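Fold and geometry: a report
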Amino acid sequence: MMYHRLVCIAEKNEAENLMTLAKAAGSTGGTIFSVRGTASSNFLSFLCLGDSRKEMLITVVDDQHFLSVFKAITEDSHTKKGLCLSLPCIRTYMNQTTNPIEGAQAMQNKWEMIQVICSSGYADDIMAAARKAGAGGGTIVDGRGTSKPDDVTFFGASLVPEKEMLMIVVEQEKAEDVFSAIVSLPCLQQPGSGIAYSLPVEKFANLGHSQE
């Protein structure tokens with residue numbers, strides 16, 4: 001099954017409403033991050049990328065619900081300026097199940113970005129496991145979950161609102177080993193403890209170092 005990573009950038013305090021729309025259309029949940037736009041032109045400001053505080057919503061949706069979720073988010077008449085984009089996932093770990101995407105090897109990407117969204121406090125342990133499997137380093141971003149009290153009751157799991165997103169860029173030939181090491185950690189075995197997925201990277205360069 002194919003999965004898509006949906007990224008929505010919206011005005012402050014609007015991401016919760018977008019997540020409600022996404023859930024009604026088939027999404028199982030998401031994570032919200034506080035971000036700041038840095039636009040230097042009126043055109044980019046019009047696209048909701050101006051120099052102001054925004055919110056970024058990330059949700060991962062399967063093929064079956066992708067179009068309905070995308071439509072629900074982008075056609076909502078109450079949402080102010082914003083944008084929504086999707087990226088294909090190479091592999092995912094959701095609901096304690098690993099899903100490698102058929103044909104992923106045919107993408108011929110040299111690099112992958114592995115992203116893990118987990119409960120706050122676990123990203124450093126996850127990064128340590130990734131390093132042991134061959135990753136070099138990563139970046140941790142603070143966020144918050146979108147679960148409400150009735151979600152916790154419905155899923156029968158204790159969901160922590162505070163979240164962390166760990167981003168790791170790794171060579172494609174190491175990606176499977178790193179991904180497997182991450183999703184086998186005990187801290188990701190409980191329902192609601194986190195998700196992981198990887199995305200193709202078109203180009204990658206370390207700044208401040210000469211590249212071949």
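Residues numbered from 1 in each chain as written. Predicted model: local features only at pLDDT ≥ 70, side-chain atom pairs only at ≥ 80, totals over all residues. Heavy atoms only, no water.

A separate point is the sheet that holds strand β9 (residues 162–171). Taken in spatial order, the ten strands make up an open sheet running β4-β1-β3-β2-β8-β9-β7-β10-β5-β6, and their pairing is antiparallel. Each end of this open sheet is capped by a strand with a single partner; those strands are β4 (82–88) and β6 (97–100). The sheet shows a mean angle of 25 degrees between the axes of neighbouring strands, taken without regard to direction. Where strand β8 (residues 139–145) meets β9, six bridges bridge the pair, whose relative direction is antiparallel. Bridge pairing in β9 links G143 to K163. Taken strand by strand, helix α4 (residues 123–132) contacts β7 (111–119), β8 and β9, and its axis lies near 15 degrees from that of β9. Against the sheet, helix α6 (residues 172–183) engages β5 (91–94), β6, β7, β9 and β10 (194–201), with an angle of about 150 degrees to β9. (Pairing = 2+ DSSP bridges. Helix = DSSP H or I, 4+ residues; strand = E, 2+ residues; numbered from the N terminus. Axes fitted to C-alpha atoms, helices over the stretch in contact; angles between N-to-C directions. Contact = heavy atoms within 4.5 Å.)

Now for α4. Residues A123, I126, M127, A129 and A130 constitute the buried set of α4. When α4 is viewed along its axis, its buried side chains cluster within an angular range of 160 degrees and face the same direction. In this structure, α4 carries D124 and K132 as exposed residues pointing more than 90 degrees from its buried face. Check the buried side of α4 and you find it contacts β7, β8, β9 and α6. Remark: G134 follows α4 within two positions and exhibits a positive phi of approximately 125 degrees. (Buried < 20%, exposed > 50% of the residue type's maximum accessible area, 1.4 Å probe, protein only. Arc of directions from axis to C-beta.)

On to the nonpolar core, then. Membership of the largest hydrophobic core comes to 21 residues, with the highest contact counts inside it found for V116, I126 and I182. Contributions of two or more residues to this core are made by β7, α4, β9 and α6. Discounting chain neighbours no more than four positions away, the residues touching V116 are I126, E164, M165, L166, I182, L188, I195 and A196. Counting 15 residues, the second-largest nonpolar core is a separate cluster that includes A10, L18, M19 and I73. (Core = buried A, V, L, I, M, F, W, Y, C linked by side-chain atoms within 4.5 Å.)

What the rule picks out here adds up to five salt bridges. Between E16 and R144 there is a salt bridge; the shortest N-O distance is 2.8 Å. Of this pair, E16 sits in helix α1 (residues 15–24) while R144 sits in strand β8; the two residues are 128 residues apart in sequence, bridging distant segments of the chain. The salt bridge partner of K174 is E171, with a shortest N-O separation of 3.9 Å. In this structure, a network of salt bridges that share partners links the residues E16, E55 and R144. (Salt bridge = Lys/Arg side-chain N within 4 Å of Asp/Glu carboxyl O.)

Before going further, it helps to spend a moment on the layout of surface pockets. The computed volume of the second largest pocket comes to approximately 170 Å³. Along its surface, the second largest pocket is lined by 13 residues, and I73, T74, T79, G82 and L83 are the ones closest to its centre. Broken down by secondary-structure element, the contributors of at least two residues to the lining of the second largest pocket are β1 (3–11), α3 (63–74) and β4. In terms of residue class, the lining of the second largest pocket is made up of seven nonpolar, three polar and three charged. (1 Å grid on protein atoms, 1.4 Å probe; cavity = no way out; pocket = protein on both sides within 12 Å on 5 of 7 lines; lining within 4 Å. Points joined across faces, edges and corners; volume = space filled by probe spheres on them. Nonpolar A, V, L, I, M, F, W, Y, C, P; charged D, E, K, R; others polar.)

Right, let's talk about the confidence of the model for the protein for a bit. Taken over all residues, the pLDDT of the protein has a mean of 82, while the share at 70 or more is 80%. Here residues 152–160 is a poorly scored stretch, pLDDT under 50, and it has nine contacts once near neighbours within four places are set aside; other chains count. (pLDDT = per-residue confidence, 0-100.)

This part covers the packing of aromatic side chains. Summed over the entire model, instances satisfying the criterion amount to one aromatic pair. Residues F66 and F70 carry aromatic rings whose centres are separated by 6.0 Å and whose planes lie at 45 degrees to one another, so their mutual orientation is tilted. Of this pair, F66 and F70 both sit in helix α3, four residues apart, roughly one helical turn. A relative accessible area of 13% means that F66 is categorised as buried. (Phe/Tyr/Trp six-rings, centres within 6.5 Å; stacked < 30°, edge-to-face > 60°.)

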